[in-house]
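# Structural features, examined
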Amino acid sequence: MKLYARQQGEGEHLISVHGLFGSQENLGAINRQLAEKFRVHGLDVRNHGRSPHDEAMDYSVMAADIIEYLDDQQIEKAHFLGHSMGGKVVMEVALAYPERVKKLAVMDIAPVHYQVRRHDDVFSGLFAVDLKNMQKRADADHALRQHVEELAVRSFLLKNLYRNDEGGYSWRMNLEAIHHHYLNILAGHSAEGSFEGEVLFLKGGDSDYIQAEHRGEVLRCFPKANMREIADTGHWLHAEKPELVARTLLRFLEA
């Protein structure tokens with residue numbers, strides 16, 4: 001599994017991992033600011049963005065993909081940053097391969113099994129898009145709008161749409177595999193033990209992804225974890241307050 005990556009900046013290596021339905025472009029604003037101090041590797045995880053598609057998808061194999069990337073790049077140890085699903089991926093890396101991790105930053109996700117299915121409307125909307133008969137991108141937005149009301153969410157999802165070699169439209173993401181393995185994405189980590197290094201959790205102040213009841217599992221897995229809340233932001237805190245989030249991450253990573 002050879003992951004696509006965009007590299008920028010100089011300094012210590014920092015691996016940046018996006019969330020569900022996304023790509024490295026979604027963390028672009030944060031990555032550019034972090035690249036002023038670090039060598040940032042923005043990765044597309046399997047079945048997302050420009051990385052290869054594969055039938056298997058869980059946190060164990062996604063963490064192994066990142067270790068393969070580190071080995072290919074001859075990176076012995078790096079800092080890690082992940083948002084949402086990407087946060088779970090980098091937590092799995094830290095728990096399964098602690099010797100490869102310097103510091104770990106996790107944005108708005110906890111190391112727990114989430115019971116609530118938050119994306120059923122999104123899947124319904126994406127599967128409603130008739131790629132074979134699409135004439136223009138607006139056709140996809142119209143189909144999505146029947147299931148997903150928020151324009152920002154539709155715009156985010158439609159970043160996956162591209163013109164293929166036949167002149168038609170395709171998804172960059174492997175929608176079928178993501179849907180098939182959705183319960184694996186909701187699941188918690190599979191690696192045992194704990195990571196004894198420094199960890200920062202950034203919580204969107206208005207988001208419910210990290211809750212008080214998660215504190216015990218957070219500290220069990222990451223005894224040195226610190227939590228910072230970014231006020232007046234939701235799950236997409238890095239997009240809503242990119243400068244504040246970048247400053248907070250830099251203070252943590254450079255300390």
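Look a little higher up for the structure.
My aim in this report is to walk through the structure given alongside it, one point at a time.

### Some thoughts on the side chain of Asp108
Along the chain, Asp108 turns up in the loop between strand 5 (101-107) and helix 4 (120-128). Buried charge without a partner: Asp108 forms no salt bridge, and the closest opposite charge is Lys203, 5.3 Å away. Setting aside residues no more than four positions away along its own chain, Asp108 makes contact with Ser84, Leu202, Lys203, Gly204, Ser207, Tyr209, Ile210, Gly234, His235 and Leu237.

### Examining the side chain of Lys203
Its place among the elements puts Lys203 in strand 8 (residues 199-204). Look at Lys203: it is buried, it has no salt bridge, and the nearest opposite charge is Glu229 at 4.4 Å. Not counting residues up to four positions away in its chain, the partners in contact with Lys203 are Asp108, Ile210, Met227, Arg228, Glu229, Ile230 and Leu237.

### Quick notes on the packing of aromatic side chains
One pass over the full model with this rule turns up five aromatic pairs. Measuring from centroid to centroid gives 5.9 Å for Tyr114 and Tyr209, while their planes differ by 55°, and the two rings are tilted. Residue Tyr114 is found in the loop between strand 5 and helix 4, and its partner Tyr209 is found in the loop between strand 8 and helix 9 (215-221); the two are separated by 95 residues along the sequence. Residue Tyr114 shares its accessibility class with Tyr209, and that shared class is buried. Members of the aromatic cluster, connected to one another through ring pairs, are Phe21, Phe123 and Tyr182.

### Some points on the nonpolar core
Membership of the largest hydrophobic core comes to 63 residues, with the highest contact counts inside it found for Phe21, Phe80, Leu104 and Phe222. If we skip the residues at most four places from it in the chain, Phe80 touches Leu14, Ile15, Ile66, Leu70, Val90, Val93, Arg100, Val101, Lys103, Leu104 and Ala105. If you look at the next biggest cluster of nonpolar residues, it comprises 20 residues, including Ile230, Leu249, Leu250 and Phe252.

### Examining the pattern of salt bridges
Following the criterion strictly, the structure yields 14 salt bridges and no others. Between Glu10 and Arg39 there is a salt bridge, with its nearest N and O atoms 3.7 Å apart. One end of the pair, Glu10, is in the loop between strand 1 (5-8) and strand 2 (13-17); the other, Arg39, is in strand 3 (residues 39-43), and 29 residues separate them in sequence. Residue class for Glu10 comes out exposed when judged on its relative accessible area of 61%. Between Asp54 and Arg46 there is a salt bridge; the shortest N-O distance is 3.1 Å. On the accessibility criterion, Asp54 (31% relative accessible area) is partly exposed. Taken together, the shared-partner salt bridges in this structure form one network comprising Lys2, Glu68 and Asp72.

### Examining the sheet that holds strand 1
Backbone hydrogen bonds are what pair the strands of a sheet, in a parallel or an antiparallel way. Overall, mixed pairing links the seven strands, which are arranged 1-3-2-4-5-8-9 in an open sheet. In this open sheet, the two strands that pair with only one neighbour each are strand 1 and strand 9 (225-230). Taken pair by pair, the neighbouring strands of this sheet meet at an average axis angle of 15°, ignoring direction. Strands in contact with helix 11 (residues 242-254) are strand 2, strand 4 (78-83), strand 5, strand 8 and strand 9; relative to strand 8, the strand with the most contacts, it is inclined by about 165°.

Reading the values: the criteria
- Counting restarts for each chain: residues are numbered from 1 in the order of the written sequence.
- Local features in this predicted model are restricted to residues whose pLDDT is 70 or higher, and side-chain atom pairs enter the listing and the counts only when it is 80 or higher, whereas totals over whole chains, interfaces and linings include all residues.
- Hydrogen atoms and water are omitted, and side-chain values are computed over all heavy atoms in the structure.
- Going along the chain from the N terminus, every DSSP run of H or I of four or more residues is numbered as a helix, and every run of E of two or more is numbered as a strand.
- Each residue is assigned to one of three classes by its accessible area relative to the maximum for its type, calculated with a 1.4 Å probe on protein chains only: buried under 20%, partly exposed between the two thresholds, exposed over 50%.
- Positive: Lys, Arg. Negative: Asp, Glu. His and the chain ends are not part of the count.
- Note on definitions: salt bridges are taken to be side-chain nitrogens of Lys or Arg within 4 Å of carboxyl oxygens of Asp or Glu.
- In this analysis, two residues are considered to be in contact whenever any of their non-hydrogen atoms come within 4.5 Å of each other.
- Paired rings are identified among Phe, Tyr and Trp, the last through its six-membered ring, by centres lying within 6.5 Å, and are further divided according to the angle between planes into stacked (under 30 degrees), edge-to-face (over 60) and tilted (the rest).
- Take the buried Ala, Val, Leu, Ile, Met, Phe, Trp, Tyr and Cys residues and link them wherever side-chain atoms come within 4.5 Å; each set so joined is a nonpolar core.
- When DSSP finds two or more bridges between a pair of strands, those strands are recorded as paired.
- Orientation is described by axes fitted as lines to C-alpha atoms, over the contacting stretch for helices, and by angles from 0 to 180 degrees between their N-to-C directions.

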